[in-house]
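One letter stands for each residue in the lines below.
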Amino acid sequence: MAIRSFFSAPVTWVCASQIVRRMLVALLVATIFLGGIHLRRWIGDTTRHVRYQHDIVNGFYWGSEVVKQARRLSPDEATANSWTGFCRGYFALYDRVKHNAYEHDYGLDYPPLRLLVMAIWAKQVRNSFPGVDDGHPKLVNPLLKINLLCELLSAVAIFFMVRWCVQRSSWTTQPAMLQRFPQQHRASICGLAAAAVAWLEPSMILDAHGWPQWDVWILPFYLFAALAALKNRWFCCGCLLAIGAMLKGQLLFVAPLFVLWPLWQKQWTSALRVLAGIVATTALIVSPWLLRTPAAWIAVAAVSGIGLLFFLRFKLPHRSAWLAAIIGCAVLVIGAFAGGSFAWLQLGFIYGTEHYPYLFISSCYNLPSLLAKTGWSLKDSFLSAHFGSVHLHVTLQWTLRLLYLGGLALCARGLGRHLRDHDARALIAIAAPWLLMFALLGQMHERYLMWGAVVSAVALGVSVRLSIIHFIISIASTAMIVHVMLIDKKIDATLPAIDVLKHIRPYGSIVVLACVAVYLWDALSTRIPAFQPRQVRSGATRSLPLGPEPEEA
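Residues numbered from 1 in each chain as written. Predicted model: local features only at pLDDT ≥ 70, side-chain atom pairs only at ≥ 80, totals over all residues. Heavy atoms only, no water.

1. Remarks on the packing of helix α13 (residues 268–290) against helix α15 (residues 319–337)
- Packing of α13 against α15 leaves a shortest axis separation of 7 Å and a crossing angle of 45°. Relative to α15, α13 is oriented oblique. Here α13 and α15 pass one another in a crossing that is left-handed. The segment α13 lies against α15, with T269, L272, R273, A276, V279, A280, A283, S287 and L290 engaging A321, W322, A324, A325, G328, C329, V331, L332 and G335.
- Looking at the contact of α13 with α15, its residues break down into 13 nonpolar, four polar and one charged. (Axes fitted to C-alpha atoms, helices over the stretch in contact; angles between N-to-C directions. Helix = DSSP H or I, 4+ residues; strand = E, 2+ residues; numbered from the N terminus. Parallel < 35°, antiparallel > 145°, perpendicular 65-115°, else oblique. Left-handed = near helix turned anticlockwise from the far one by under 90°. Contact = heavy atoms within 4.5 Å. Nonpolar A, V, L, I, M, F, W, Y, C, P; charged D, E, K, R; others polar.)

Written as structure tokens, this is what we have:
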């Protein structure tokens, strides 16, 4: 009995230490979470006197227009206040705005899902406060709660993505700062550190709760799309990208990464499955605008039935994705030939690219800001040449776009190489497109670096050097948002800060471009075997493969 107790004692101590460790980790996570909640409330209260009210007013105005349109199309008040009347007004607003616009100045640049959220919010406010003024919308808390949910989901996605990549990285590519920790704990430590930094990202908190804006809504869709792609769930990746783009169209700038990534690896079907998810989800969301007659719905049903019979007859892999893609293409084509409306596309996406024809908006630390300082404008001719009867004319706007697309293709190439080499720098290749978008493209708002500041928190799973650069990017993003908020109100006490932020803009642009260049280099470069850090351990566990997991049927 004594011998048995002697040998069972170490096991008891090990179990007790594991329980204590888990309790401490849970306490740490709860502390960070509650601290982030308190920080958001404090930011909301502290910045109330410099709050950028225009975006709240704009969102409430267009949401109220949906409610007004429902009243115009309803025979009585009861019908107008019903959800049926609400949907009628929602689906009719794009066409009314397009028809009544003067010289294509629509004013409305919301994609369908963002307009839907604003309309539901405005309907709730109108029901609670019927006489509320458009210029002073009340009860913005529901939108702030959506922001909070998206911030939390983004941090969770970063945790799983960083843990997945670090767990599957080889000994020679794991961060040197983690070599002191046991193998089984490294991935979780990196994931928790990156998620905590993303959750407490100051520019995201200021943008979502101090400004407030709705930019954070697309972050979880991008991050979970990247996680789905890492796990070889390409169709789900495309669906998530389409939903996110219907909330904010800027997601479409970085979405090509998920098509170019498998193409570089010659995985043609994976790229097609991404496109299938995008097409199918987009068609599902916009089908009420496209299919306006019974004949159109019957035609789509016929195509769906034929496609279903075909895939039941031939047992093809991923047949559900291909069937969804065929139905999605049928919706778009039939809608185009059957009198469907594409006003949602014109107003929600195309108009936004033409609304601000400037190299940069407000205060931006990027390449277009430096070019504007030297006298360039967005539509200036950058390249003009004659080839016989063909005249080539390339504006600066398209030059920057082509430069960005080239960088995006290189990021996709580097991402595939890092995954093949079991290198955690695949995380940097996933974050780099957001940084390149802000650094190179024209017509950027100062808030758009916030996306790169949040996603670049994955650097905490790669190296100390890249983690430091992440914090520099975070500071620059916060400074730009603060600058615009202070300019909007121009309180006497903030005038010195406004002058300082104005004068450091060129230097801030250079710093941001240098940081983006470092991230791009790490996204593309390969490690030289002779200089790779090595660690020899007896009994070390073999690293897990980094190849994509098989997709579930």
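2. Remarks on unusual backbone geometry
- Omega for the bond connecting W211 with P212 falls within 30 degrees of zero, at -20°, which places this linkage in the cis form.
- With respect to the secondary-structure elements, P212 resides in the loop between α8 (202–210) and α9 (219–230).
- A positive phi angle, close to 60°, is found at K266, a residue other than glycine.

3. Focus: the environment of R413
- Mapping R413 onto the fold places it in helix α18 (residues 396–420).
- On the basis of relative accessible area, R413 is assigned to the partly exposed category, the value being 35%. (Buried < 20%, exposed > 50% of the residue type's maximum accessible area, 1.4 Å probe, protein only.)

4. Things to note about helix α21 (residues 464–489)
- Taking 1.5 Å per residue, 26 residues should reach 38 Å; α21 reaches 38 Å between its end C-alpha atoms and fits that length.
- The backbone nitrogen of L466 lies 3.2 Å from a side-chain oxygen of the residue at the head of α21, namely S463.
- Just downstream of α21 lies K490, where phi reads positive at about 55°. (Expected span 1.5 Å × (residues − 1). Polar contact = N/O pair within 3.5 Å; in protein donor to acceptor, adjacent residues only side chain to side chain.)

5. Some words on the environment of H209
- Structurally, H209 is set in helix α8.
- Judged by relative accessible area, which is 7%, H209 ranks as buried.
- Here the alpha-carbon distance between H209 and K145, two residues 64 residues apart in the chain, equals 9.6 Å.
- Other than its neighbours up to four places away in sequence, H209 contacts R40, I43, G44, T47, R51, L144, N147, L148 and E151.
- Within the local environment of H209, its side chain forms a polar contact with the side chain of E151, the two groups lying 2.7 Å apart.

6. Some remarks on the pattern of salt bridges
- Applying the stated criterion across every chain yields a total of 13 salt bridges.
- Between D95 and R292 there is a salt bridge, with its nearest N and O atoms 2.4 Å apart. Pair noted here: D95 is in helix α4 (residues 83–100) and R292 is in the loop between α13 and α14 (294–313), with a separation of 197 residues, a long-range link.
- Across the pair D421 and R420 runs a salt bridge, and its minimum N-O distance is 3.2 Å. (Salt bridge = Lys/Arg side-chain N within 4 Å of Asp/Glu carboxyl O.)

7. A look at the nonpolar core
- Residues L108, L115, M161, Y222, F258, W261 and W434 are the most contacted members of the largest nonpolar core, which totals 135 residues.
- It is helix α19 (residues 426–440) that contributes the most residues to this core, 14 residues altogether.
- Not counting residues within four places of it along the chain, the set of residues in contact with L115 comprises W62, V66, Y90, L93, Y94, L108 and Y110.
- In terms of nonpolar packing, the next biggest core, distinct from the first, is built from eleven residues, I43, V50, L206 and L486 among them. (Core = buried A, V, L, I, M, F, W, Y, C linked by side-chain atoms within 4.5 Å.)

8. Quick notes on the packing of helix α5 (residues 112–128) against helix α6 (residues 141–167)
- At a closest axis distance of 10 Å, the pairing of α5 and α6 adopts a crossing angle of 140°. Between α5 and α6, the residues in contact are V117, M118, W121 and Q124 and P142, L143 and I146, respectively.

9. Section: a nonpolar patch on the surface
- Nonpolar side chains collect at one region of the surface, where W376, F382, L383, F387, V390 and L392 lie side by side and expose about 580 Å² of accessible area between them.
- Broken down by secondary-structure element, the contributors of at least two residues to the nonpolar patch are β1 (381–387) and β2 (390–395).
- In terms of residues, the nonpolar patch owes the most to one element, β1, which gives three residues.
- Among the secondary structure elements, F387 is positioned in strand β1. (Patch = residues over 30% accessible without salt bridge, like charges linked within 9 Å, V, L, I, M, F, W, Y side chains within 5 Å. Areas by Shrake-Rupley, 256 points an atom, 1.4 Å probe, with all protein chains shown as cover.)

10. Observations concerning the confidence of the model for the protein chain
- Predicted confidence across the protein chain gives a mean pLDDT of 86, with 88% of residues reaching 70 or more.
- Long-range and interchain partners of residues 529–553, a stretch whose pLDDT sits below 50, account for 48 contacts in this model, where long-range means more than four residues apart. (pLDDT = per-residue confidence, 0-100.)

11. Topic: the packing of aromatic side chains
- The final tally for this structure, using the stated rule, is 22 aromatic pairs.
- Centroid distance W214 to W217: 6.0 Å. Interplanar angle 35°. Geometry classified as tilted.
- Relative accessible area serves as the criterion here: at 2%, W214 is assigned to the buried category.
- Through successive ring pairs, a cluster of aromatic residues spans Y222, W234, F258, W261, W434, Y448 and W451.
- Across from the ring centre of W398, 4.7 Å away, lies the NZ or CZ of R401, which sits over that ring.
- In this arrangement the basic side chain of R447 is found over the ring face of W211, its NZ or CZ atom lying 5.4 Å from the centre. (Phe/Tyr/Trp six-rings, centres within 6.5 Å; stacked < 30°, edge-to-face > 60°. Lys NZ or Arg CZ within 6 Å of the ring centre and 35° of its normal.)

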